[in-house]
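Chain and residue survey
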Amino acid sequence: MVNKKSGASATTASDFLAEALNRSFEVIHDIARATCDSSADASITGARYLVKFQQSSVKAGLGLVAKAQKVTEKSLRDAMKKDKWLPGESRDIIEEWSRMMKSGVDEFTRVTDKSFELLLQFLDRVEKEHQPAPEKKTARPAARKKAPSPKAKTPPAKRKPSAGKKTVKE
């Protein structure tokens, strides 16, 4: 049974338990939010790193293609100068091929640079939108009571001697 004395402590204990539960939920919410934010930051950073890596790889590959094209073009021009056996139409075809390859590599380089730049701008925008705005503290529900602070606790009541059975001394 609950008497007046233990009823007051039960109410204080339930208030304390409710407050501890509320604070636990707040801490869990803060930890979950921080984890989400750091995970999103890591994802954006990782994506940016991969895009830059791909960009440098594509540039290196295009540089190799351009070098191979220059070496091939030079060797064909040297062969055309040394040997007169090539007909004039073949020389025109080789010149057209050389112009086409150079313009193709230049255009592909321009398009890939523009595409990677747009992708990096997109990641910048995502990162900027992800930056958390200053959070407003949400109001706690008014129905819950706050537990009294530890300083305001009243000392427990002194126990009265029980009026139970008396022992007989012999």
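Just so it is clear, the model here is predicted, and its values are computed rather than measured. (Residues numbered from 1 in each chain as written. Predicted model: local features only at pLDDT ≥ 70, side-chain atom pairs only at ≥ 80, totals over all residues. Heavy atoms only, no water.)

The number of helices and strands found in the protein is two helices and zero strands. Counting all 170 residues of the protein, 12% fall into the buried class. Within the protein, residue pairs in contact and separated by at least 24 positions form 79% of the contacts whose partners lie at least 6 positions apart. Of the accessible surface of the protein, which amounts to about 14,900 Å², a share of 62% is contributed by carbon and sulfur atoms. (Helix = DSSP H or I, 4+ residues; strand = E, 2+ residues; numbered from the N terminus. Buried < 20%, exposed > 50% of the residue type's maximum accessible area, 1.4 Å probe, protein only. Contact = heavy atoms within 4.5 Å. Areas by Shrake-Rupley, 256 points an atom, 1.4 Å probe, with all protein chains shown as cover.)

Here Gln55 is to be found in helix α1 (residues 4-82). According to the relative accessible area criterion, Gln55 is buried, its value standing at 16%. Each residue touching Gln55, except ones within four places of it in the same chain, is listed here: Asp113, Phe116 and Leu120.

Take a nonpolar patch on the surface next. There is a patch of nonpolar side chains on the surface, built from Leu21, Phe25 and Ile28 and spanning about 310 Å² of accessible area. With respect to the helices and strands, the residue Leu21 is situated in helix α1. (Patch = residues over 30% accessible without salt bridge, like charges linked within 9 Å, V, L, I, M, F, W, Y side chains within 5 Å. Salt bridge = Lys/Arg side-chain N within 4 Å of Asp/Glu carboxyl O.)

What follows is about the pattern of salt bridges. Here the structure, examined in full by the defined rule, presents nine salt bridges. When the shortest N-O distance is used, the salt bridge between Arg99 and Glu96 registers 2.8 Å. Here Arg99 pairs with Glu96, and both are found in helix α2 (residues 88-130), just three residues apart, close to one helical turn. In this structure, the salt-bridge partner of Arg125 is Glu129, at a minimum N-O distance of 3.7 Å. Within this pair, Arg125 and its partner Glu129 are both found in helix α2, separated by four residues, close to a single helical turn. Assessed through its relative accessible area of 47%, Arg125 is described here as partly exposed.

The next subject is the environment of Arg23. Looking at the element boundaries, Arg23 is found in helix α1. Exposure remark for Arg23: the relative accessible area of 49% places this residue in the partly exposed category. Looking at Arg23, its side chain comes within polar contact range of the side chain of Glu19, at 2.9 Å. (Polar contact = N/O pair within 3.5 Å; in protein donor to acceptor, adjacent residues only side chain to side chain.)

Geometry only, nothing functional implied.
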